[in-house]
Amino acid sequence: MSTEPTTIHLPRRGRPPGKSGRDLLAVARELLCERGLGGTSMEAVAAAARISKQTLYAQYPSKSDLYTAVVEDWVEQGRTALAPSVEALVRAEDLRSGLDQWAKALQSGLLSAPVHRMRTLVAANATTHPKVAETYARTSWAANMALLADALATLAAGHRLRIVDPAIAADQLVWLILGAPLNQATILGTHRHGFNGDRLTRIRNEGIDTFLARYARTQPKHTRARAEG
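Residues numbered from 1 in each chain as written. Predicted model: local features only at pLDDT ≥ 70, side-chain atom pairs only at ≥ 80, totals over all residues. Heavy atoms only, no water.

Visitor: What is the right way to look at the overall build of the chain in this model?
Guide: Secondary structure assignment for the chain yields eleven helices and zero strands. Counting helices and strands in the order they occur from the N terminus, the chain gives α-α-α-α-α-α-α-α-α-α-α. Of all intrachain contacts in the chain linking residues separated by at least 6 positions in sequence, the fraction that spans at least 24 positions is 69%. Counting every atom, the chain has about 13500 Å² of accessible surface; 53% of that belongs to carbon and sulfur. (Helix = DSSP H or I, 4+ residues; strand = E, 2+ residues; numbered from the N terminus. Contact = heavy atoms within 4.5 Å. Areas by Shrake-Rupley, 256 points an atom, 1.4 Å probe, with all protein chains shown as cover.)

Next up, the structure:
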């Protein structure tokens with residue numbers, strides 16, 4: 001047995017390490033969403049990230065470069081967020097249940113405060129940074145719409161839906177589920193859009209009923225009963 005004294009390494013005190021990589025972009029994103037592009041300075045980002053201005057400028061030579069990186073990073077993180085629910089929809093034994101689970105994921109994602117804040121930021125700067133806005137729209141919204149259209153085409157090929165143009169059907173389905181609350185959130189802000197959980201559930205149910213009444217191979221029994229009642 002050793003009789004040498006044990007050395008205890010205590011944690012070093014001092015300034016916490018600065019942010020880098022994706023953590024740095026997350027700090028910048030919070031400031032940009034809170035203050036806007038015009039109200040956010042590189043100095044403020046560097047201070048919030050606990051790094052020097054020189055370190056920040058070495059990575060992002062201008063505020064436009066930083067803003068572009070923030071949006072691209074956000075898109076990369078969220079571009080496949082709806083993929084699991086779309087894949088589950090294709091595999092669902094009960095089509096209506098699969099549509100409902102997908103619709104819940106859609107509402108949860110697009111009406112969330114972080115997504116709403118980023119959409120607002122990108123829209124506010126679309127004129128001065130059109131390529132960033134185009135990237136956001138193409139890689140985020142358009143990619144997820146294409147994913148849904150492919151799923152609907154698969155369901156139609158399996159004789160579960162009767163669809164001629166899957167892209168149009170996907171647009172219709174999304175706006176049946178999302179149109180009213182997203183419009184309110186865009187105008188009033190996410191936390192004041194006035195749609196609680198019960199209201200969102202009703203919108204989902206009615207929207208799915210409408211979609212299936214148009215595209216289902218056979219009209220669901222509960223939809224027929226409602227129409228006959």
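Continuing now.
Visitor: I'm lost on the nonpolar core in this one. Help?
Guide: Side chains of nonpolar character tend, in soluble globular proteins, to be buried together. By size, the foremost hydrophobic cluster in this structure holds 64 residues, and its most contacted members are Trp102, Leu152, Leu161 and Phe211. Ranked by the residues each element gives to this core, the list is headed by helix 8 (residues 130–157), at ten residues. Apart from the residues lying within four places of it in its own chain, the contact partners of Leu152 are Leu161, Ile163, Pro166, Ala169, Ala170 and Phe211. (Core = buried A, V, L, I, M, F, W, Y, C linked by side-chain atoms within 4.5 Å. Buried < 20%, exposed > 50% of the residue type's maximum accessible area, 1.4 Å probe, protein only.)

Visitor: What am I meant to see in the pattern of salt bridges here?
Guide: Pairs may arise between side chains of opposite charge once their charged atoms sit close together. One pass over the full model with this rule turns up six salt bridges. A salt bridge links Asp100 to Lys104; its shortest N-O distance comes to 3.7 Å. Placement of the pair is Asp100 and Lys104 together in helix 6 (residues 95–110), with a separation of four residues, close to one helical turn. A salt bridge links Arg204 to Asp100; the shortest N-O distance between them is 3.1 Å. (Salt bridge = Lys/Arg side-chain N within 4 Å of Asp/Glu carboxyl O.)

Visitor: Mind showing me how you'd approach the packing of aromatic side chains here?
Guide: The geometry of an aromatic ring pair is captured by two quantities: the separation of the ring centres and the angle between the planes. Taken as a whole and assessed by the stated rule, the structure comprises two aromatic pairs. Between Phe211 and Tyr215, the aromatic rings sit 5.0 Å apart at their centres with planes inclined by 45°, giving tilted as the arrangement. Placement of both Phe211 and Tyr215 in helix 10 (residues 197–215) is noted, with a separation of four residues, approximately one turn of the helix. Classification of Tyr215 as buried rests on a relative accessible area of 6%. (Phe/Tyr/Trp six-rings, centres within 6.5 Å; stacked < 30°, edge-to-face > 60°.)

Visitor: Got a minute to help me understand the packing of helix 9 (residues 166–188) against helix 10 in this structure?
Guide: Angle between the axes and distance between the axes: these two values describe a pair of packed helices. Between helix 9 and helix 10, whose axes approach to 9 Å, the crossing angle comes to 160°. Taken together, helix 9 and helix 10 sit at an angle that is classed as roughly antiparallel. Handedness of the helix 9/helix 10 crossing: right-handed. Within the contact between the two elements, helix 9 uses Ala169, Gln172, Leu173, Leu176, Ile177 and Pro181 and helix 10 uses Leu200, Ile203, Arg204, Gly207, Ile208, Thr210, Phe211 and Tyr215. (Axes fitted to C-alpha atoms, helices over the stretch in contact; angles between N-to-C directions. Parallel < 35°, antiparallel > 145°, perpendicular 65-115°, else oblique. Left-handed = near helix turned anticlockwise from the far one by under 90°.)

Visitor: Help me out: how do you make sense of the environment of Ala81 in this one?
Guide: Along the polypeptide, Ala81 turns up in the loop between helix 4 (63–78) and helix 5 (83–91). Residue Ala81 is classed as exposed on the basis of its relative accessible area, which comes to 56%. Here the alpha-carbon distance between Ala81 and Gly109, two residues 28 residues apart in the chain, equals 8.1 Å.

Visitor: Explain the environment of Leu37 to me, please; I cannot follow it from the model alone.
Guide: If you trace the backbone, Leu37 turns up in helix 1 (residues 21–39). Taking the C-alpha atoms as reference, Leu37 lies 9.5 Å from Val122; in sequence the two are 85 residues apart. Ignoring anything within four residues of it in the chain, the contact list for Leu37 reads Leu32, Lys63, Tyr67, Leu121, Asn125 and His129.

Visitor: Even after reading the chapter, I still don't get unusual backbone geometry, so can you show me in this structure?
Guide: We note that Arg50 has phi near 60°; this positive angle belongs to a residue other than glycine. The residue Arg50 is located in the loop between helix 2 (42–49) and helix 3 (53–59) in this model. According to the relative accessible area criterion, Arg50 is partly exposed, its value standing at 30%.

Visitor: Quick question: what am I supposed to make of the packing of helix 4 against helix 7 (residues 113–124) here?
Guide: Where helix 4 meets helix 7, the axes come as close as 12 Å, and the angle between the chain directions of the two elements is 140°. With respect to their mutual orientation, helix 4 and helix 7 come out oblique. Helix-helix and strand crossings are classified by hand; for helix 4 and helix 7 the assignment is left-handed. Counted together, Tyr67, Val70, Val71 and Trp74 of helix 4 and Pro114, Val115, Met118, Leu121 and Val122 of helix 7 form the full contact between these two elements.

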